[in-house]
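Residues per chain, in single letters:
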Amino acid sequence: MKIHTTIESIRAARGDSGIVAFVPTMGNLHEGHIKLMREAGENADSVIASIFVNRLQFGPSEDFAKYPRTLETDCEKLEAAGVTHLFAPSEKVMYPEPQHFHVDPAPAQVSILEGECRPGHFRGVATVVLKLLNIVRPNSVLFGKKDYQQLIVLRNMVRELALPIEVLPGETVRAPDGLALSSRNGYLSPDERAEAPRLHKHLLIIRDAVRGGDHDFLKLETDALAALEAVGWKPDYFAVRRRADLQPPVQEDDPLVVLGAARLGRTRLIDNIEI
Ligand code: PAF
């Protein structure tokens, strides 16, 4: 695997790479990322990954400074997963001057769920992803379903801006106890780690109830919120939504997803399951 730190270098490498699948990341890679890399390689000549901790998508009280930077071990994992090129730019390369132009996703998409809890987050994500796509010019780009709203926002961005790029979703990878793999799991204390799968458990309870014909979504959501609160979590939301746009369901046959976000100690966890 070749590591590129400049735009010129990754562009030159991309030129010789045939059909390219691209997996943007912020590093601190886990099995979820690695599965995306492997899937990326299935229908492409080359896989390009990026590692860049994007300041623009962190709120003022979020963990930008302490976000784990683990480039050396990340490179070993990427190499083993068959990644051909890694773009790992510095902040100076990505933002040589303050970023004045931004991508503003539709308010209906960013005023809900994660967008409501993290104002400006998706604007920062969309801006850096458009920039990365312009730099790498891949044929396809992969995003994990673990960040479901991010996947929807970015899929819409690619469609609305007519980028000639296929957006491919990757399934969430879970620990044996159900906890979705996430870089933020590393912040959990041993006790919190043992408690953390409870978020997934309540998503399963809601999924099974809806599958069983219970359509009182509000009650299911508030029951789950209360259950987490009762054992010391600070939940932000549980929400049964349409998969297509994450708005509340209106028709019986809308494909659905249930999403949840909650703080356990100082760590904020998110997860979702398609119903
Ligand atoms: O999902 C992530 O790791 C980030 O939001 C992304 C897509 C790499 C943009 O910084």
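Before reading further, recall that the structure is shown in the block above.
The model shown is predicted, which means the values in this text are computed figures rather than measured ones. (Residues numbered from 1 in each chain as written. Predicted model: local features only at pLDDT ≥ 70, side-chain atom pairs only at ≥ 80, totals over all residues. Heavy atoms only, no water.)

(A) Examining the packing of aromatic side chains more closely. If you walk through the whole model with that rule in mind, you get 3 aromatic pairs. Judged by centre distance (5.4 Å) and plane angle (70°), the rings of phenylalanine 58 and phenylalanine 64 are edge-to-face. Among the aromatic residues, those joined into a cluster by ring pairs are Phe58, Phe64 and Tyr67. Over the ring of tyrosine 187 we find lysine 66; its NZ or CZ atom is 4.2 Å from the centre of that ring. For the cation-ring pair, arginine 69 lies above phenylalanine 64, with the distance from its terminal atom to the ring centre recorded as 4.9 Å. (Phe/Tyr/Trp six-rings, centres within 6.5 Å; stacked < 30°, edge-to-face > 60°. Lys NZ or Arg CZ within 6 Å of the ring centre and 35° of its normal.)

(B) Representation of the sheet that holds strand 3 (residues 46–51) within the structure. Reading across the sheet, the 6 strands line up as 1-4-3-2-5-6 and stay open at both edges, with parallel pairing between neighbours. Looking at strand neighbours, the two that pair on one side only are strand 1 (2–4) and strand 6 (166–170), the edges of this open sheet. On average, each strand axis in the sheet is inclined to that of its neighbour by 25°, with strand direction left out of account. Relative to strand 4 (residues 85–87), strand 3 runs parallel, the two sharing 3 bridges. Its bridge partner being in strand 4, alanine 49 is matched across the sheet by leucine 86. Most of the contacts of helix 3 (residues 71–80) go to strand 3, to which it runs at about 165°, and overall it touches strand 1, strand 3 and strand 4. (Pairing = 2+ DSSP bridges. Helix = DSSP H or I, 4+ residues; strand = E, 2+ residues; numbered from the N terminus. Axes fitted to C-alpha atoms, helices over the stretch in contact; angles between N-to-C directions. Contact = heavy atoms within 4.5 Å.)

(C) How the structure looks around the side chain of aspartate 74. Position of aspartate 74 among the secondary structure elements: in helix 3. Notably, aspartate 74 is buried but unbridged: the nearest opposite-charge side chain belongs to lysine 77, and the N-O separation is 4.9 Å. Setting aside chain neighbours within four positions, we find aspartate 74 in contact with Gly27, Asn28, Leu29 and Ile51. (Buried < 20%, exposed > 50% of the residue type's maximum accessible area, 1.4 Å probe, protein only. Lys, Arg positive; Asp, Glu negative; His and termini not counted. Salt bridge = Lys/Arg side-chain N within 4 Å of Asp/Glu carboxyl O.)

(D) Representation of the environment of leucine 218. Along the chain, leucine 218 turns up in helix 11 (residues 217–230). For the pair leucine 218 and phenylalanine 238, spaced 20 residues apart in the sequence, the C-alpha separation amounts to 9.1 Å.

(E) Looking closely at the sheet that holds strand 7 (residues 234–242). In space, the 3 strands of this open sheet follow the order 7-8-9, with antiparallel pairing throughout. Looking at strand neighbours, the two that pair on one side only are strand 7 and strand 9 (267–274), the edges of this open sheet. Ignoring which end each strand starts from, the neighbouring axes of this sheet average 10° apart. Bridge count for strand 7 against strand 8 (residues 256–264) is 8 bridges, and the pairing is antiparallel.

(F) How the structure looks around the site of the ligand. As a matter of local geometry, the ligand sits amid Pro24, Thr25, Met26, Asn54, Gln57, Val128, Val129 and Gln150. Between the ligand and the protein, one listed contact pairs an oxygen atom with a side-chain N or O atom of glutamine 57 at 2.6 Å. Coverage of the ligand by the protein amounts to 90% of the 290 Å² it exposes when considered alone. For the shell around the ligand, the secondary-structure elements that each account for two or more residues are strand 2 (20–25) and helix 7 (121–136). Tallied by class, residues from the shell around the ligand come to 4 nonpolar, 4 polar and no charged. (Near = heavy atom within 4 Å. Polar contact = N/O pair within 3.5 Å; in protein donor to acceptor, adjacent residues only side chain to side chain. Areas by Shrake-Rupley, 256 points an atom, 1.4 Å probe, with all protein chains shown as cover. Nonpolar A, V, L, I, M, F, W, Y, C, P; charged D, E, K, R; others polar.)

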